[in-house]
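Spelled out, the chains give:
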Amino acid sequence: MVDLTTALIHHPYAPPEGFAAPQPGIFKASTVIFPNVAAMRNFEWKDKTAYTYGLHGTPSTYMLEERLCTLEGGLQCVLLPSGLAAIANVALALLRTGDEVLIPDNAYGPNKALAESELKTWGITHRFYDPMNPQDLAAKISHQTRLVWLEAAGSVTLEFPDLCELVRVCQARGVLTALDNTWGAGLAFAPFDLMPGVRPALGVGLSVHALTKYPSGGGDVLMGSVITRDPSLHMKIKLTHMRMGWGVGANDVESVLRSLPSMALRYRTHDETTRELARWSQTRIEFAQVLHPALPDSPGHAHWRALCPSDAGGAAGLFSVIFQSYHRQDQVDAFCNALKLFKLGYSWGGPMSLVVPYDLATMRSGWPAYLKQGTLLRFSVGLEAVTDLQADIEQSLKTAFN
Ligand SMILES: *Cc1c(COP(=O)(O)O)cnc(C)c1O
């Protein structure tokens, strides 16, 4: 008989096999226990045939990785503690001193900041290209270019590039592409098969996804993924991931596994409500311009229409407005403050609607010709009733501009 303290640690009971429930069991571990020394020496975690340490994979992380591969049409996946960490993983794994990375001028801001700070100090150069002009990208590709980032729609301004043409330009020059696929989320279009039916498939090299947004769906989880269809590319990402020690917590994995089954339904509802609000916003004289890819006069609308033909579930839950240039900044601030349902906060993809004022002049190399001058706000539309959201914007416009 062992001591009680020992018995509570080394307990002999094992529950019966065969338990099944709608949600998978969650496995938590730093330590993974090996059956013998030979297993400890020989277990190979890299191809998911075994387990060695919590950081390198558990049944729960493997399961989430496989489901995300299904979502995005990929074959391999790595999980990271945030979407931004996923972006950093790609950069650290693939770029070396002397290399250059090309980033769209409308990219997610912190991706640009990483290039302008850490990458720069390591001797990795970057250039920003005009995502709406494939010739500009083609002209900026040099023999140093190792990676081209893509984003569709663009962050904050939501212009939709000719993604197929941008990928073709890179493929013709043998340059690897990485798409920040957070907006499309695997639902609006297939990143690894941009022209379904056309063979060989036209697709990106890597897809990065901020799972923080739609896959989490709650505004309460930070996580990211890097998905590939090429084992050797995946291994580069995976080895850097391992050496940097970028693990994810099992509770967060559980949250995303729980939210994934409802993701397509949520995305569709975000989409429908957002289109309705964007269309209505176009009727308001306070706004000089409304940006949403499904609006016929929004920049890149035809590219969006070609890539995302689905009439529902193809345009996410974001739209931006540019106020008339004669509206003062303090009036626009008052509008933001007067909103009741739209809360002031970053991120998107959760149930609660959010709004963020952006200073576009500090974010872009130049003010794009297709954007009107004025203060820009981005709305992230949650899952509230569209009538309530519209009434909220209406009452707030009245408060701020009367
Ligand atoms: C939010 C976001 C990220 C970063 O995700 P975090 O989990 O917040 O780090 C990256 N790209 C895009 C387009 C995003 O919207």
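Just so it is clear, the structure is predicted and the values come from calculations on it, not from any experiment.

Definitions and limits used
Within every chain, residues take consecutive numbers counted from 1 along the sequence as written. In keeping with the model being predicted, local features are shown solely for residues with a pLDDT of at least 70 and side-chain atom pairs are shown and tallied solely at 80 or more, while totals for entire chains, interfaces and linings include all residues. Side-chain measures here rest on the full set of heavy atoms in the structure, leaving out hydrogens and waters. What marks off one domain from the next here is an automatic or database domain assignment. By definition, residues are in contact when any of their heavy atoms lie within 4.5 Å. The term buried area refers to how much accessible surface (probe radius 1.4 Å) is lost by two components on association, counted for both of them together. Salt bridges are defined as contacts in which a side-chain nitrogen from Lys or Arg sits within 4 Å of a carboxyl oxygen from Asp or Glu. The criterion for a residue being near a molecule or strand is simple. One of its heavy atoms has to lie within 4 Å of it. The term polar contact refers here to a pair of N or O atoms within 3.5 Å; inside protein, the definition further demands a hydrogen-donor-capable atom paired with an acceptor-capable atom, and it admits residues adjacent in sequence only when both atoms are side-chain atoms. Note on areas: Shrake-Rupley, 1.4 Å probe, and residue coverage restricted to the protein chains presented here. Of the grid points, spaced at 1 Å and generated over the protein atoms alone, those admitting a 1.4 Å probe that cannot get out make up cavities, while open sets with protein on both sides within 12 Å along at least five of seven lines make up pockets; any residue with an atom within 4 Å of a point is treated as lining. Here the criterion for a molecule occupying a pocket or cavity is that more than half of its atoms lie within 2 Å of the pocket grid points. Numbering of helices and strands runs from the N terminus, with a helix taken as a DSSP run of H or I at least four residues long and a strand as a DSSP run of E at least two residues long. Each residue receives one of three labels: charged for Asp, Glu, Lys and Arg, nonpolar for Ala, Val, Leu, Ile, Met, Phe, Trp, Tyr, Cys and Pro, and polar for the others, Gly being one of them. Being paired, for any two strands, means DSSP has found at least two bridges between them. A fitted line through C-alpha atoms represents every axis, and for helices the fit uses only the stretch in contact; the resulting angles, taken between N-to-C directions, go from 0 to 180 degrees. With a 1.4 Å probe rolled over the protein chains alone, any residue whose accessible area is under 20% of its type maximum counts as buried; one over 50% counts as exposed, and the rest are partly exposed. Relative orientations are named as follows: roughly parallel for angles under 35 degrees, roughly antiparallel for angles over 145 degrees, roughly perpendicular for angles from 65 to 115 degrees, and oblique for any other angle. We call a crossing left-handed when the near helix sits turned anticlockwise from the far one by less than a right angle, and right-handed when that turn is clockwise. Grid points are joined across faces, edges and corners, and a volume is the space filled by probe spheres set on the points. Handedness is read with the strands pointing away from the viewer; a crossover is right-handed when the path from the first strand over the helix to the second is clockwise.

Concerning the domain arrangement of the chain
Domain assignment breaks the chain into domain 1 (37-261) and domain 2 (262-401). The distance between the C-alpha centroids of domain 1 and domain 2 comes to 26 Å. Facing 35 residues of domain 1, the contacting portion of domain 2 comprises 37 residues. For the pair domain 1 and domain 2, the summed buried surface comes to about 2,900 Å²; carbon and sulfur atoms form 64% of the total. Summed over the shared surface of domain 1 and domain 2, the number is two salt bridges.

Looking at the site of the ligand
Near the ligand there are 14 residues, and of these Gly83, Leu84, Asp180, Thr212 and Lys213 occur at the shortest range. Between the ligand and aspartate 180 there is a distance of 2.6 Å, counted from a nitrogen atom to a side-chain nitrogen or oxygen. Take threonine 212: an N or O atom from its side chain is 2.5 Å from an oxygen atom of the ligand. Protein chains bury 89% of the 380 Å² of accessible surface belonging to the ligand in isolation. Here the ligand occupies the largest pocket. Broken down by element, the shell around the ligand gets its largest block of residues, three residues, from helix H4 (residues 83-94). By residue class, the composition of the shell around the ligand is six nonpolar, five polar and three charged.

Let's talk about the sheet that holds strand E1 (residues 76-80)
If you trace the seven strands from one edge of the open sheet to the other, you get E1-E7-E6-E5-E4-E2-E3, paired in mixed fashion. Two strands close off the open sheet at either side, each with one partner strand: E1 and strand E3 (125-129). Along the sheet, successive strands turn relative to each other by an average axial angle of 20°, direction set aside. In the packing of helix H7 (residues 163-172) onto the sheet, contacts are made with E3, strand E4 (145-151) and strand E5 (176-180), and the angle to E4 comes to roughly 175°. On the sheet, helix H8 (residues 231-244) packs against E1, E5, strand E6 (206-210) and strand E7 (224-228) and is oriented at approximately 20° with respect to E1.

Observations concerning the environment of valine 78
Along the chain, valine 78 falls in strand E1. Judged by relative accessible area, valine 78 falls into the buried class, the value being 1%. Linking valine 78 and asparagine 106, residues 28 residues apart in sequence, is a C-alpha distance of 25 Å. Those residues in contact with valine 78 that lie beyond four places of it in its chain are Asn89, Gly224, Ser225, Val226, His234, Ile237, Lys238 and His241.

A closer look at the sheet that holds strand E8 (residues 287-291)
With respect to topology, five strands assemble into an open sheet ordered E8-E9-E12-E11-E10, the strand pairing being mixed. What marks the edges here is a single partner per strand, and that holds for E8 and strand E10 (343-344). As paired elements, strand E11 (residues 354-358) and strand E12 (residues 376-380) share five bridges and run antiparallel to each other. When the bridges of E12 are listed, tyrosine 358 appears paired with leucine 376. Set on the sheet, helix H10 (residues 263-281) makes contact with E8 and strand E9 (318-323); between it and E9 the angle comes to about 15°. Helix H12 (residues 329-338) rests against E9, E10, E11 and E12 of the sheet, and its axis sits at about 15° to E12.

Overview of the packing of H4 against helix H5 (residues 109-121)
Packing of H4 against H5 brings their axes to within 10 Å, and their N-to-C directions diverge by 45°. As far as their axial angle goes, H5 and H4 are oblique. Remark: the crossing between H4 and H5 carries right-handed chirality. Note on element contacts: H5 touches H4 through Pro110, Asn111, Leu114 and Leu119, opposite Leu84, Ile87, Ala88 and Ala91.

Section: the layout of surface pockets
Space inside the largest pocket adds up to approximately 560 Å³. Together, 29 residues line the largest pocket, and Tyr108, Pro110, Lys213, Trp348 and Arg378 are the ones closest to its centre. Among the secondary structure elements, those contributing two or more residues to the lining of the largest pocket are H4, H5 and E6. For the lining of the largest pocket, a count of residues per class yields 16 nonpolar, nine polar and four charged. Residue contributions to the lining of the largest pocket reach at least three from each of two domains, namely domain 1 (37-261) and domain 2 (262-401). In this structure, the second largest pocket occupies an estimated 220 Å³ of space. Together, 21 residues line the second largest pocket, and Gly54, Leu55, Thr58, Thr61 and Val248 are the ones closest to its centre. No other element matches helix H3 (residues 59-72), which puts three residues into the lining of the second largest pocket.

A word on H7
Since the α-helix packs 3.6 residues into each turn, any two residues three or four apart lie on the same face. For H7, the full list of buried residues reads Leu163, Cys164, Leu166, Val167, Val169 and Cys170. Glycine 174 sits one or two residues past H7 and shows a positive phi near 65°.

Considering the pairing of E5
With four of five residues buried, E5 lies mostly within the body of the structure. Where E4 lies against E5, five bridges are found, and the strand directions are parallel. In the sheet register, valine 148 faces E5, and the bridge partner there is threonine 177. As a crossover connection, the stretch from E4 through H7 into E5 is right-handed. Strand direction decides the pairing type here: E5 and E6, joined by three bridges, are parallel. If you follow alanine 178 over to E6, its bridge partner there is leucine 206.

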